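Spelled out from the first residue to the last, the chains are:
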Amino acid sequence: MNSTVQLPSAADVDAARANIKGYARRTPLWRLDAEVPGVNVYLKLENLQPLGSFKIRAAVNALKNRDSDSLRAGVLSPSAGNFGLGLALAAKSMGVPVTIVAPETAAQTKADALAALGAKVIRVPFSDWWQVLMTGRFEGVRGAFFHPVADSAVVAGNATIGAEILEDLADFDTVVVPYGGGGLISGIGSVMRRQKPGMRVLAVETEAGQPAAAALAAGRPTVVDYKPGFVDGIGSTTVLDEMWPLVRETVDGAVCVSYDEIADAIRLLASKHHVIAEGAGAATVAAALTGKAGKGDIVCVISGGNLDHTRLRTILNGETPA
């Protein structure tokens, strides 16, 4: 685990775009078909990535920034699924074995996809998973440790999304990004700060826990209550210490949406655009549709589409999963 995480330079982002070519797609930016007074919503569709998540960008760039000798013993990473999927896909092409430690709350769809790519999946209680995330170790498993968030190459990989957004839509008011560990919003926010410094960068969190909002209010990472739920791609007990300087520099604010609001957004995306978004990705749309992201032209990052089929069925039936 890297002790110091840096925001990427323009050169870092260019290098990351070259690294991920052939693995990650350049995803489209679509206008959302929804009538919200004073709001135009655009969707950055990272759910269309191979394996259904933006994290393939981060995982591939992180792997390609490591010396091949350091990967000989394999790769270890704590992941709710999407970062692990990206690592597994890239590592398989390199002949590198992968072990993913996943929280028990992770969607079974993601665990099955990891296994299909040849990764060894170890499911543990959330508190144990968090310890792996914090310490970079898991007893009995060897290999190069890859943090899914606190790694400069991960942040640079995520920043490629920001570069693509600005190429497709030069002028807008706000970009809304799911807040999991801070790597996605820091990467996208770094590009916005460099190229469009007046633009608002908002983190979206859920009722399960709001560590970003607490840290921004207190001026430092603060421990909050967290109860895992069906939105498994975002939420934790605190902003990671090593990510706080990046978050503080790139994020203007944080908003909270409910599980019911996220379920409504998932149904809208499915019915209007045939887009399947997992809870974390749909949370950004929920923030825009409810007015919590403000007025104007708003870009919502749809971070992934790996929604468990049982949960999707429940949502499409008009209910909200637990």
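Look up a bit, the structure's there.
Residues numbered from 1 in each chain as written. Predicted model: local features only at pLDDT ≥ 70, side-chain atom pairs only at ≥ 80, totals over all residues. Heavy atoms only, no water.

Colleague: Is there a simple way to think about the overall build of the protein in this case?
Modeller: Looking only at helices and strands, one finds 12 helices and 10 strands in the protein. For the protein, the C-alpha atoms occupy an extent of roughly 55 × 45 × 40 Å along the three principal directions. With 322 residues in all, the protein has 58% of them scored as buried. Total accessible area on the protein stands at roughly 12,500 Å², and carbon and sulfur atoms take up 49% of it. Mean positive and mean negative side-chain charge positions of the protein (30 and 32 charges, respectively) differ by 4 Å. (Helix = DSSP H or I, 4+ residues; strand = E, 2+ residues; numbered from the N terminus. Buried < 20%, exposed > 50% of the residue type's maximum accessible area, 1.4 Å probe, protein only. Areas by Shrake-Rupley, 256 points an atom, 1.4 Å probe, with all protein chains shown as cover. Lys, Arg positive; Asp, Glu negative; His and termini not counted. Charge placed at Lys NZ, Arg CZ, Asp CG, Glu CD.)

Colleague: What am I meant to see in the nonpolar core here?
Modeller: Soluble, globular proteins show a tendency: their nonpolar side chains are buried together. Core analysis: the biggest nonpolar cluster contains 57 residues, and Leu-43, Met-243, Ile-262, Ile-266, Leu-269 and Val-285 have the highest contact counts within it. In this view, Ile-262 contacts Thr-206, Phe-230, Val-231, Val-257, Gly-279, Ala-282, Ala-283 and Ala-286; residues no more than four positions away in its chain are not counted. Judged by nonpolar contacts, the second largest core, of 30 residues, contains Leu-29, Ala-163, Leu-166 and Ala-215. (Core = buried A, V, L, I, M, F, W, Y, C linked by side-chain atoms within 4.5 Å. Contact = heavy atoms within 4.5 Å.)

Colleague: Looking at this model, I keep getting lost on the packing of aromatic side chains. Mind explaining?
Modeller: Taken as a whole and assessed by the stated rule, the structure comprises five aromatic pairs. Within the aromatic cluster, the residues linked to one another by ring pairs are Phe-126, Trp-129, Trp-130 and Tyr-226. The ring of Phe-146 is capped by Arg-66, whose NZ or CZ atom sits 3.9 Å from the centre of that ring. (Phe/Tyr/Trp six-rings, centres within 6.5 Å; stacked < 30°, edge-to-face > 60°. Lys NZ or Arg CZ within 6 Å of the ring centre and 35° of its normal.)

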